[in-house]
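# Structural overview
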Amino acid sequence: AGCPLLSELAAPGLKSGADELCRGLGGGCAKLRRLDLPDAYDLAAAGLEALARGCPDLRSLTVANAPGVDADGLEPLIESSRRLEELALAACPKVADKLLERIGELAEDQHVPLKTLKLAGTACTATGVADLRDELAGRSTRVSVELGGAIFGAVLCGGKDSKRVGPPKADTTAAEAFYKKLAEREERTGGGGG
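Structural notes, computed from the coordinates. (Residues numbered from 1 in each chain as written. Predicted model: local features only at pLDDT ≥ 70, side-chain atom pairs only at ≥ 80, totals over all residues. Heavy atoms only, no water.)

Where helix α4 (residues 97-109) meets helix α5 (residues 126-136), the axes come as close as 9 Å, and the angle between the chain directions of the two elements is 0°. When the axis of α4 is compared with that of α5, the two are roughly parallel. Across from D97, L100, I103, G104, A107 and E108 in α4, the residues of α5 making contact are G128, V129, L132, E135 and L136. Considered class by class, the residues forming the contact of α4 with α5 number six nonpolar, two polar and three charged. (Axes fitted to C-alpha atoms, helices over the stretch in contact; angles between N-to-C directions. Helix = DSSP H or I, 4+ residues; strand = E, 2+ residues; numbered from the N terminus. Parallel < 35°, antiparallel > 145°, perpendicular 65-115°, else oblique. Contact = heavy atoms within 4.5 Å. Nonpolar A, V, L, I, M, F, W, Y, C, P; charged D, E, K, R; others polar.)

In this structure the tally under the stated criterion is zero disulfides. C92 takes part in no disulfide bond, and the closest cysteine sulfur to it belongs to C124, at a distance of 9.7 Å. Using a relative accessible area of 8% as the deciding quantity, one classes C124 as buried. (Disulfide = S-S within 2.5 Å. Buried < 20%, exposed > 50% of the residue type's maximum accessible area, 1.4 Å probe, protein only.)

Let's shift gears to the side chain of D57. By the secondary structure assignment, D57 is in the loop between α2 (45-54) and β3 (60-64). Here R83 takes part through its side chain, which lies 2.5 Å from a polar atom of the side chain of D57. When near neighbours in sequence (up to four residues on either side) are disregarded, D57 contacts A30, K31, L32, R33 and R83. (Polar contact = N/O pair within 3.5 Å; in protein donor to acceptor, adjacent residues only side chain to side chain.)

Now for empty space enclosed by the protein. Counted by the stated rule, this structure contains one cavity of 30 Å³ or more. In this structure, the largest cavity encloses a volume near 30 Å³. In terms of lining residues, the largest cavity is bounded by L77, I78, S81, L84, V112, P113 and L114. Grouping the amino acids of the lining of the largest cavity by side-chain chemistry returns six nonpolar, one polar and no charged. (1 Å grid on protein atoms, 1.4 Å probe; cavity = no way out; pocket = protein on both sides within 12 Å on 5 of 7 lines; lining within 4 Å. Points joined across faces, edges and corners; volume = space filled by probe spheres on them.)

Per the stated rule, a full pass over the model turns up eleven salt bridges. E79 serves as the salt-bridge partner of R102, at 2.5 Å between the closest nitrogen and oxygen. Of the two residues, R102 sits in helix α4 while E79 sits in helix α3 (residues 71-80), which places them 23 residues apart along the sequence. Classification of E79 by relative accessible area gives partly exposed; the value is 31%. The salt bridge partner of K118 is E86, with a shortest N-O separation of 3.6 Å. Taken together, the positions of K118 in strand β5 (residues 116-120) and E86 in strand β4 (residues 86-90) put the pair 32 residues apart, joining distant regions of the chain. Since its relative accessible area comes to 22%, E86 is described here as partly exposed. (Salt bridge = Lys/Arg side-chain N within 4 Å of Asp/Glu carboxyl O.)

Now the structure itself:
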């Protein structure tokens with residue numbers, strides 16, 4: 001059953017049933033490439049795991065307003081998806097630096113296809129982003145990380161030319177602390193990267 005030819009789905013206004021929807025998609029929509037869940041209030045690990053198992057072509061996932069989603073729930077997608085290039089998370093307060101750590105750990109053993117990671121309204125920190133940047137330095141995995149919308153700009157993580165991209169646009173105190181930490185790490189490690 002399912003929708004074997006479905007390649008894109010946006011499900012705005014879905015106040016409940018996000019987890020059930022993901023389990024259904026994982027059970028019969030192997031060609032799904034893009035999924036946008038802006039109101040994923042009840043999304044949980046079971047739905048994310050079903051997507052990881054059943055949607056091998058998934059390239060872009062947006063999840064917002066998902067208070068039950070955390071790094072452990074996202075791990076199967078990051079680990080097993082060979083094509084997930086963009087992950088955007090907003091208002092997912094349980095997603096923390098553990099997600100960034102896991103991406104760095106996976107990059108030690110394999111190429112991680114993730115190219116864009118957008119984090120707004122999560123518990124991820126500037127320190128976690130800086131640690132990911134350090135972890136990916138010199139590796140083939142390159143991830144543009146945007147923390148808190150445009151507050152920190154983006155950090156291009158990976159490769160010998162890891163650097164921040166774009167100036168901070170708001171909350172300059174937090175952004176200055178973030179970039180100061182990056183500069184201090186570069187001085188300690190002798191890397192010039194930008």
